[in-house]
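Now for the letters of each chain:
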Amino acid sequence: MRDFSQDISALALNTATLGHNLDGYGAGWPPERVIDACAARGLGGIVFWRREIGRRSVEIGDRVRAAGMQVVGLCRTPYLVGRDAPAGLDEAKASIDMAAGLGAPVLTIVTGGTEPGTKGVLESQKILAERVAAIAGYASERGVKLALEPLNPMFGGNRTVLMTVADAVRVCDMAGAPNVGVAVDVYHVWWDSALAEGLAAAGPDRILGYHLCDWLENTRDMLLDRGMMGDGVADLKVLRAAVEGAGYAGPCEVEVFSSSDWWRRDPSAVLDVMVDRFRTVC
Ligand code: ZN
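This is a predicted model, so every value here is computed, not measured.

Structural notes on the nonpolar core
Nonpolar side chains tend toward joint burial in soluble globular proteins.
Piece 1. By size, the foremost hydrophobic cluster in this structure holds 86 residues, and its most contacted members are Phe48, Leu146, Leu148, Leu212 and Met274.
Piece 2. When neighbours within four sequence positions are excluded, leucine 146 is seen to be in contact with Ile96, Leu107, Ile109, Val132, Ile135, Ala136, Ala139, Asn179, Val180, Gly181 and Leu208.
Piece 3. By size, the runner-up hydrophobic cluster in this structure holds 9 residues, among which are Val47, Val72, Phe257 and Trp263.

Below, the structure is given as structure tokens:
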């Protein structure tokens, strides 16, 4: 396993950790201030959310690289299935364009929930695979990989039809495109005792991201009460050993949705704690 105690070049900030994924939360730092704060701490990269970027993808991507870091990814496509998915794939293609403008190699897909008129997840997974296949070529032409992120099963119904890495790998196989893979998030997989098998099925070329946080023993809000690494019960060393054991050697992005705790703190202090925890408990 990589040793992060001295080298944090694999560390990336997902700006959701500063509340930048949702309207009405966070300190509202502009991207430039986030970039400077991350560069000052020696991070290797940043993952942005679409709402921060607007029409400035090229400018912000260049700014990140000028600061000596990489844009590691972009969150995320619109839902592709389920009641809340937009009609057609234009918005998904626009999100691919934004990732390409940023120079982000990976665009995350949170799938959306069970497709109207169906039950369960299997039929929706087939529809999802068709829609992913329909945008994969467009993404490939622009140098963007698509990372299907399975979510904790409690998000089934309205947010996801992928509950495990194995689910995501099955949809990758159905989509049949070389630039489609899986994003592995501690919050969503920490409980999965069959994780290693799912990761082995994915293989090193299809593991496109590793997202860090912690699972608090008494989670108060399913969506917005993630813990900082070290504050919960996820076995972070074992999880990273599983991901790296399957061949992943890429960035580790910290993604802490925390409306009642971390988003209320000074972002500079949050970043300092994040770096310390990355060195010591991840
Ligand atoms: Zn994630």
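Next comes the rest of the write-up.
A look at the side chain of aspartate 185
Piece 1. Within the secondary structure, aspartate 185 sits in strand S6 (residues 180-185).
Piece 2. Residue classification places aspartate 185 among the buried positions, given a relative accessible area of 0%.
Piece 3. There is a polar contact of 2.8 Å between the side chain of aspartate 185 and the backbone nitrogen of tyrosine 187.
Piece 4. Those residues in contact with aspartate 185, other than ones at most four positions away along the chain, are Glu149, His211, Cys213, Arg226 and Glu255.

Comments concerning the sheet that holds S6
Piece 1. Reading around the circumference, S1-S2-S3-S4-S5-S6-S7-S8 is the order of the 8 strands in this closed barrel, with parallel pairing throughout. With direction set aside, neighbouring strand axes in the sheet form an average angle of 30°.
Piece 2. Across 3 bridges, strand S5 (residues 145-148) lies against S6 in parallel orientation. Looking at the pairing, leucine 146 lines up with valine 180 of S6.
Piece 3. The sheet contacts of helix H1 (residues 31-40) involve strand S1 (11-14) and strand S2 (45-49), and relative to S2 the element is tilted by about 155°.
Piece 4. Packing of helix H9 (residues 236-245) onto the sheet brings it into contact with S6, strand S7 (207-212) and strand S8 (252-254), and relative to S7 it is tilted by some 175°.

So, how was this worked out
- Residues numbered from 1 in each chain as written.
- Predicted model: local features only at pLDDT ≥ 70, side-chain atom pairs only at ≥ 80, totals over all residues.
- Heavy atoms only, no water.
- Core = buried A, V, L, I, M, F, W, Y, C linked by side-chain atoms within 4.5 Å.
- Buried < 20%, exposed > 50% of the residue type's maximum accessible area, 1.4 Å probe, protein only.
- Contact = heavy atoms within 4.5 Å.
- Helix = DSSP H or I, 4+ residues; strand = E, 2+ residues; numbered from the N terminus.
- Polar contact = N/O pair within 3.5 Å; in protein donor to acceptor, adjacent residues only side chain to side chain.
- Pairing = 2+ DSSP bridges.
- Axes fitted to C-alpha atoms, helices over the stretch in contact; angles between N-to-C directions.

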